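Structural overview for review
The lines below spell out each chain.
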Amino acid sequence: MAILVLGGAGYIGSHTVYELIDAGRDVVVADDLQTGFRAAVHPKARFYLLDIRDRAALDVLFEKEDIEGVIHFAASSQVGESMSDPLKYYDNNLHGTMVLLSAMVAHGVDKIVFSSTAATYGEPERVPILEGDRTDPTNCYGETKLAMEHMMSWVSKAHGLHYVALRYFNACGAHRSGAIGEAHAPETHLIPLILQVPNGQREKIMVFGGDYPTPDGTCIRDYIHVSDLAQAHILALDYLIRGGQNDVFNLGNGVGFSVREVIDCARNVTGHSIPEEMAPRRAGDPAQLIASSRKAMDVLGWKPEQNSLEAIIASAWNWHKSHPHGYEA
Ligand code: UDP
């Protein structure tokens, strides 16, 4: 039986496909290539070009392939865009997931692991954040992801769907082979933007806010390597296959770094001075997001292997310096 990875041409999806194939699994990838790249899809995966909102295309796939479980990454994921174009997020993320779940129910596929986000919490009550803490998203992206979690729960009650939601903190880094890495157009994430400076594509990095209630005044985030995230998806799917209960897990390293600390670390890794400039706060940014991933460790047996920021940035730099234009280079 095969694992279906929706959004398997995107950043975290493509890394998960590589880990699944390394583990000897049979993998089917579906992606509409809106933001993903065909070149990011592992050559051993069977590829379907489809939009998850297209029920007829999903029916063809589920009829042709023998799917054991679904890993669902196919969603829009930019906070800023979700604020200026919220309906796109309701359409791609909620409507897309609704069509997907209706196809899964119709075809008797009853296991799904999917991307949720730390943005479901909004401004946290405390750090590190636990899964039972208040969820009150400050942006539409987080709102649609939380609604996806609720949708899974109701569909589970009605149709026996089994699901795991994985709430990622800040995904970063690239695959050890150097074959795949992070590529977004436009790029909005801190580490790839910083690395554009030593790559000669940007003169300086803008620091969004220096007046947060943190030790150096800049935002603190929990940076987690994409290959560790990928492993968590496989563990979560195997947990469901073994009969595990529906659940929600945080995925982070449990350590926070400020924007300034990340820039300093990138200076050490690249040997470049990387000029920075203070800019106003970015709308919707909480001051501090740090995960407690204790539950994923205890229940899923997950153990992030890349817990040094230096090693994470070095792996990102390895990809970006050899692929300055992402998959177009
Ligand atoms: N950030 C920044 N300059 C940039 C991009 C991001 O200062 O050019 C900050 C951003 O405000 C946030 C942190 O870096 O505090 C991480 O942002 P990113 O977009 O990478 O991830 P997010 O936390 O939004 O998921």
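The rules behind these values
Residue numbers here run from 1 along each chain, matching the order of that chain's written sequence. Predicted model: local features are reported for residues with pLDDT of at least 70 only, side-chain atom pairs are reported and counted for 80 or more only, and whole-chain, interface and lining totals are derived from all residues. For the side-chain quantities, the full set of heavy atoms in the structure was used; hydrogens and water were omitted. Secondary structure elements are defined from DSSP: runs of H or I of at least 4 residues count as helices, runs of E of at least 2 residues count as strands, and each element is numbered from the N terminus. With the radius of gyration taken over C-alpha atoms, the globule rule is written as 2.2 Å times the number of residues to the power 0.38. Think of it in three bands: with a 1.4 Å probe and only protein chains considered, a residue is buried below 20% of the maximum accessible area for its type, exposed above 50%, and partly exposed in between. The contact criterion used is simple: two residues touch if any of their non-hydrogen atoms lie within 4.5 Å. Only the protein chains shown count as covering a residue, and every accessible area follows the Shrake-Rupley method with a 1.4 Å probe. In a helix, the anticipated span is given by 1.5 Å times the number of residues less one. Polar contacts, as counted here, are pairs of nitrogen or oxygen atoms within 3.5 Å of one another; within protein the pair requires one atom able to donate a hydrogen and one able to accept it, and residues that are adjacent in sequence qualify only if both atoms are side-chain atoms. A molecule or strand has a residue near it when one of that residue's heavy atoms lies within 4 Å. Classification convention: Asp, Glu, Lys, Arg as charged; Ala, Val, Leu, Ile, Met, Phe, Trp, Tyr, Cys, Pro as nonpolar; all other residues, Gly among them, as polar. The salt bridge definition used is simple: a Lys or Arg side-chain nitrogen within 4 Å of an Asp or Glu carboxyl oxygen. Only rings of Phe, Tyr and Trp enter the pairing, Trp through its six-membered ring, and a pair is recorded when the two centres are within 6.5 Å. The plane angle decides the type: under 30 degrees is stacked, over 60 is edge-to-face, the rest tilted. For helices, the fitted axis covers only the stretch in contact; all axes are lines through C-alpha atoms, and the angles between them, taken along N-to-C directions, range from 0 to 180 degrees. Just so you know how the angles are binned, under 35 degrees is roughly parallel, over 145 roughly antiparallel, 65 to 115 roughly perpendicular, and the rest oblique. It is the rotation of the near helix from the far one that decides the hand of a crossing: anticlockwise by less than a right angle makes it left-handed, clockwise makes it right-handed.

Notes on the overall build of the protein
Along the protein, the regular secondary structure elements total 10 helices and 13 strands. Its C-alpha radius of gyration of 19 Å places the protein within 12% of the 20 Å reference for a compact globule of 329 residues. Oriented by its inertia axes, the alpha-carbon framework of the protein measures out at about 55 × 45 × 40 Å. Across the 329 residues that make up the protein, the buried fraction comes to 56%. A fraction of 76% describes how many contacts in the protein between residues 6 or more apart in sequence connect residues 24 or more apart. Of the accessible surface of the protein, which amounts to about 13,500 Å², a share of 51% is contributed by carbon and sulfur atoms.

What to know about helix 4 (residues 86-107)
Compared with an ideal rise of 1.5 Å per residue, which puts 22 residues at 32 Å, helix 4 spans 31 Å between its outermost C-alpha atoms and is within 8% of the ideal. Once helix 4 ends, the next one or two residues include glycine 108, with phi positive near 70 degrees.

Thoughts on the side chain of lysine 111
By secondary structure assignment, the location of lysine 111 is in strand 5 (residues 111-117). A distance of 2.9 Å separates polar atoms of two side chains, one belonging to lysine 111 and the other to aspartate 110. Once you skip the residues sitting within four places of it in the chain, lysine 111 turns out to touch Glu68, Gly69, Val70, Met104, His162, Leu237, Leu240 and Ile241.

Side note on the site of the ligand
In the region of the ligand, 15 residues are neighbours, and Leu190, Met206, Arg221, Arg282 and Asp285 sit closest. Between the ligand and the protein, one listed contact pairs an oxygen atom with a side-chain N or O atom of asparagine 170 at 2.9 Å. In the environment of the ligand, an oxygen atom lies 2.8 Å from a nitrogen or oxygen atom belonging to the side chain of arginine 221. In isolation the ligand has 520 Å² of accessible area, and contact with the protein removes 89% of it. Among the elements that line the shell around the ligand, the one with the most residues is strand 8 (residues 205-208), at four residues. Broken down by class, the residue content of the shell around the ligand amounts to nine nonpolar, three polar and three charged.

A look at the pattern of salt bridges
Counted according to the given criterion, the structure contains 21 salt bridges. Put simply, arginine 25 and aspartate 238 hold a salt bridge, and the shortest N to O gap is 2.8 Å. Residue arginine 25 is found in the loop between helix 1 (11-22) and strand 2 (26-31), and its partner aspartate 238 is found in helix 7 (residues 226-241); the two are separated by 213 residues along the sequence. For aspartate 238, a relative accessible area of 22% puts it in the partly exposed group.

A word on the packing of aromatic side chains
Per the stated rule, a full pass over the model turns up three aromatic pairs. Residues tryptophan 319 and tyrosine 327 carry aromatic rings whose centres are separated by 5.1 Å and whose planes lie at 50 degrees to one another, so their mutual orientation is tilted. Taken as a pair, tryptophan 319 and tyrosine 327 share a single burial class, namely buried. What links up through ring pairs into an aromatic cluster is the set Phe37, Trp319 and Tyr327.

Regarding the packing of helix 8 (residues 259-270) against helix 10 (residues 309-322)
In a packed pair of helices, the relevant descriptors are the angle between the two axes and the axis-to-axis distance. Where helix 8 meets helix 10, the axes come as close as 9 Å, and the angle between the chain directions of the two elements is 60 degrees. Accordingly, the angle class assigned to the pair helix 8 and helix 10 is oblique. Seen along the crossing, helix 8 lies across helix 10 with a hand that is right-handed. Here Glu261, Val262, Cys265, Ala266, Asn268, Val269 and Thr270 of helix 8 come into contact with helix 10, specifically with Leu309, Glu310, Ile313, Ala314 and Trp317. Class assignment of the residues belonging to the contact of helix 8 with helix 10 gives a composition of eight nonpolar, two polar and two charged.

Details of the side chain of threonine 97
Within the secondary structure layout, threonine 97 lies in helix 4. For threonine 97, a relative accessible area of 0% translates into the label buried. With sequence-adjacent residues up to four places away left out, threonine 97 is seen in contact with Ile52, His72, Asn92, Met148, Met151 and Met152.

Distances and angles like these do not, on their own, reveal function.
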